[in-house]
Amino acid sequence: HVLECYAILVQPENEISSDCNHLLWNYKLNLTTDPKFESVAREVCKSTISEIKECADETVGKGYLVSCLVDHRGNITEYQCHQYITKMTAIIFSDYRLICGFMDDCKNDINTLKCGSIRLGEKDAHSQGEVVSCLEKGLVKEAEERDPKIQVSELCKKAILRVAELSSDDFHLDRHLYFACRDDRERFCENTQAGEGRVYKCLFNHKFEESMSEKCREALTTRQKLIAQDYKVSYSLAKSCKSDLKKYRCNVENLPRSREARLSYLLMCLESAVHRGRQVSSECQGEMLDYRRMLMEDFSLSPEIILSCRGEIEHHCSGLHRKGRTLHCLMKVVRGEKGNLGMNCQQALQTLIQETDPGADYRIDRALNEACESVIQTACKHIRSGDPMILSCLMEHLYTEKMVEDCEHRLLELQYFISRDWKLDPVLYRKCQGDASRLCHTHGWNETSDLMMTPGAVFSCLYRHAYRTEEQGRRLSRECRAEVQRILHQRALDVKLDPALQDKCLIDLGKWCSEKTETGQELECLQDHLDDLAVECRDIVGNLTELESEDIQIEALLMRACEPIIQNFCHDVADNQIDSGDLMECLIQNKHQKDMNEKCAIGVTHFQLVQMKDFRFSYKFKMACKEDVLKLCPNIKKKVDVVICLSTTVRNDTLQEAKEHRVSLKCRKQLRVEELEMTEDIRLEPDLYEACKSDIKNYCSTVQYGNAQIIECLKENKKQLSTRCHQKVFKLQETEMMDPELDYTLMRVCKQMIKRFCPEADSKTMLQCLKQNKNSELMDPKCKQMITKRQITQNTDYRLNPVLRKACKADIPKFCHGILTKAKDDSELEGQVISCLKLRYADQRLSPDCEDQIRIIIQESALDYRLDPQLQLHCSEEISSLCAEEAAAQEQTGQVEECLKVNLLKIKTEMCKKEVLNMLKESKADIFVDPVLHTACALDIKHHCAAITPGRGRQMSCLMEALEDKRVRLQPECKKRLNDRIEMWSYAAKVAPADGFSDLAMQVMTSPSKNYILSVISGSICILFLIGLMCGRITKRVTRELKDR
């Protein structure tokens, strides 16, 4: 008891004389070697000695027996023996020289490391635990230096670690630590009972508390470093994991100080067993968790980090050693946010992350745990604490309102390393280890051969197989595929979580995307510059984009932005296990819904623009048309060129009425979808966009992209466009008129009217059907206005009216050859051909089909002057000066044409006068082309001319005869309008004489003096006939006389 008390008293502040000290030490030394004590030990520990062969064989009288029993005290079950040895232990451990063999093994090292008496002269020469502490520091320092100047001998190393191991259960036995931490023990661990390493554990847990004394913290760190070198220095760990270590062959008994003794090896070996689904006791797992957390908290416990990262720590991360901040600082540097990190340091960090395995339990990473506590409480409270899915939950909430900045940084720093080694995601490893071994040739969890692989290579292999079709070969199991997709969706948020992408695209990121620092912008930027990227980077970005086209949910930020649209319009396809491009197609189709927000719309459009760069980036299109592309469009890469190639083939086959289409049916269907999507935004038609960039800037700078608004703006400003742009717009309109379904604006504005009036019409006849129903009372005004716009466009050039072109294919070259010779392939004729055909219509010289089509055009343009390009072109001044009020009317019903006819005498411009005269001439041919007259005389036509077939001036002649007939009473308005027309026609006849016989005949038939003129002409013909007969008789007689001669 006196000795125990003395052991507690030996402290600098408790003065004990040097003589007393020396006397006590000699007494203790004698105790260990005294045969009496040895004989007591043999008596008290009889059965124990017989069980421990090592101790039974010890030489008698040297004191070795007591030391041996102290070494094996963990195995002593006899109560009396245990009590006796415990007391002897306290005495022996009070000074290193009392420990059996220690002095012999470490004598030279004590001198080399200058670990002799610390307090020479004044104090006891035998400095209690200070010498052991000094040797321990020397051992630790050696491990942290690449080329240590002083090396501890192997024998002494074993002795030091053995002493540390023997003192592992009771912190009183580590004299230096005991005295350094005595006050801290009272402060933090007052209620912790000594024994089984409990006090050590308690002090370790409080190591980074502000009130922890520096000398205690230092002593604790030294002990932790010894544990890192030999797990047996931790009593609780060695005890709890003993059976598991043996079971999974994680230690080699005859090599207790080899690498198998290192804490990192033990952790890796047992973690491997856990990850393989083996049973490891809960006590052992609890201990492992504590020590993994310990390694993550303090970088200095890992010699590899100190060796490899010393320069980086000093340069970037000095003064941050507490609570894992230094490690996270180094992680931040690795991510490229604070400079560069050497490969050795990066590898040391990767190894440490594997040893500690924070992916399995976020609590191991204290810095992450503290930073993310609030997020876990709110966003992940439904998940059990310590569950590996907590990290997944945090990733799901990355860049959301629930995420806090500090947590975001710590999470991404950790995920950077997890993304580089697929085994560090425990859920992925558990569900995919079979697939990875089968398809990617991986090895065991802690096998070093996997480290030779490129970072992220295994996961890349897994996701390539995840998106393979069954025809392409081996696929992943369902649960592994789901896990791979989950991780892909999460990691797509940050390019740095894709090791291959960051590695191969580092230069390109700096070159093209240095300013794109916001979330998700870097990948978008790389996609935008795809053609400019280095080959390896382009391949990786291309492959990732191809994956996105199949599974757009990889674009997590886009999915969040589009959530309302997905819920309302696309929930059916969003819930599919396999996406196959359906979700993106749905988002594109609903891009202009009222619920659509700007972020989602921009994201969807960006993806559409990226898709244009490569045919492979449109999954559905690729799958439907890959055989057709190989056969018909080989060596074409850009999607827009593939679409043009295939659609041209389809169009040619249709026009030539081929028996069998060269493009397969499934491809034709998908091609249609792609064509329709491209019409929505001018940027999706790169050739048109490039040709019109300057024009967009000049005329459409205030117009937003999307909804075909820019294209519509260019159409409205067509006359002002640059030649190249004008040509492209003309070609676009030609295509749209041949296939009106490609006219995005028309289809959008008239969507409901198409359902109402044209549900059965196919895409080619859609506009024709709308035109026929344009004047219906049920027609929507906006749609009516759009139809009129398209009619105006069609009338500028016959090539923009496919129905007319087909009906008049013989008449146009016959009557309008001169105009065609001057025409250019890609610019409008400004209605010249249609004007030419109108004149021939008045002459009644057109084929029946062509005449029908021209009649429709004349009827429509008679109601709306804007549908007559030549009239607009030549009479613009007259319309604005003479008929401004009529032109401004909201609804055009022929008022402008009537105004010009009435004011014919005031028109000065010859070309305008000619156009108005042509109108008058056309109106003679058919009353339907004169809407004002037709409206005024509608009742009279019904009463007097109902039996007469319309066309070729028949109904007009009928009305003229009725006007002449005194017995017929016409409506006053009809009578007035007819008289006005007669005056106009008579003026027209004076101003513009008949061009030919048919024109003359028409003028006569419609003249007010028709009967007089006809009687004069008839009389003249009779006289001529009689003269002819008389002349014929005379010539006949003369001829006969000549013959007779």
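Residues numbered from 1 in each chain as written. Predicted model: local features only at pLDDT ≥ 70, side-chain atom pairs only at ≥ 80, totals over all residues. Heavy atoms only, no water.

Our next topic: helix α13 (residues 198-205). With six of eight residues buried, α13 is to be regarded as a mostly interior element. Within the sequence span of α13, burial applies to V199, Y200, K201, C202, L203 and F204. Turning to α13, the residues buried within the fold contact α11 (175-180), α12 (182-188), α14 (214-229), α15 (235-240) and α18 (282-297). (Buried < 20%, exposed > 50% of the residue type's maximum accessible area, 1.4 Å probe, protein only. Helix = DSSP H or I, 4+ residues; strand = E, 2+ residues; numbered from the N terminus. Contact = heavy atoms within 4.5 Å.)

On the surface, F1025, L1026 and L1029 cluster together to form a nonpolar patch covering roughly 330 Å² of accessible area. Summarising the element assignment, L1026 is placed in helix α61 (residues 1010-1044). (Patch = residues over 30% accessible without salt bridge, like charges linked within 9 Å, V, L, I, M, F, W, Y side chains within 5 Å. Areas by Shrake-Rupley, 256 points an atom, 1.4 Å probe, with all protein chains shown as cover. Salt bridge = Lys/Arg side-chain N within 4 Å of Asp/Glu carboxyl O.)

Turning to the side chain of E860, a few remarks are in order. Tracing the chain through its elements places E860 in helix α51 (residues 848-863). The side chain of E860 is buried and forms no salt bridge, while K771, the nearest opposite charge, is found at 5.3 Å. Residue contacts for E860: discarding those within four places in its chain leaves K771, Q791 and L867. (Lys, Arg positive; Asp, Glu negative; His and termini not counted.)

Counting 105 residues, the largest nonpolar core has L135, L263, L270, I305, L330, L349 and L394 as its most contacted members. Excluding anything up to four places from it in sequence, L263 contacts I227, A228, Y231, L237, Y291, M294 and L295. Counting residues in each nonpolar core, the second largest holds 34 residues, with L900, L904, V916 and C958 among its members. (Core = buried A, V, L, I, M, F, W, Y, C linked by side-chain atoms within 4.5 Å.)

Note that side chains of opposite charge can pair when their charged atoms are close. Taken as a whole, this structure holds 63 salt bridges when the rule is applied. In this structure, R486 engages E483 in a salt bridge whose closest nitrogen and oxygen atoms are separated by 2.1 Å. Taken together, the residues span about one helical turn, with R486 and E483 both in helix α27 (residues 478-491) at a distance of three residues. Take R486 and E483: they sit in the same class, and that class is buried. Residues K591 and E680 are paired through a salt bridge, measuring 2.7 Å at the closest nitrogen-oxygen approach. With K591 in the loop between α35 (582-589) and α36 (598-611) and E680 in the loop between α39 (665-678) and α40 (686-699), this pair connects stretches of sequence that are 89 residues apart. With respect to class, K591 is no different from E680; both count as buried. Several salt bridges converge on common partners, so that one network encompasses E898, K901, D930, E973, R977 and R981.

Turning our eyes to something else, we now look at the packing of aromatic side chains. What the rule picks out here adds up to eight aromatic pairs. Judged by centre distance (5.0 Å) and plane angle (45°), the ring pair of W422 and Y429 falls under tilted. Look at W422 and you get buried, because its relative accessible area is 5%. For Y429, a relative accessible area of 3% puts it in the buried group. Members of the aromatic cluster, connected to one another through ring pairs, are F171, Y178 and F179. In this structure, R683 packs its charged tip against the face of Y705, placed 4.2 Å from the ring centre. (Phe/Tyr/Trp six-rings, centres within 6.5 Å; stacked < 30°, edge-to-face > 60°. Lys NZ or Arg CZ within 6 Å of the ring centre and 35° of its normal.)

The next point concerns the environment of A436. For A436, the location among the structural elements is in helix α25 (residues 426-440). Here A436 falls in the buried class, since its relative accessible area comes to 0%. Discounting residues that sit within four places of it in the chain, A436 has contacts with W422, H441, T442, V458 and L462.

None of the figures reported here should be taken as evidence of function without further support.
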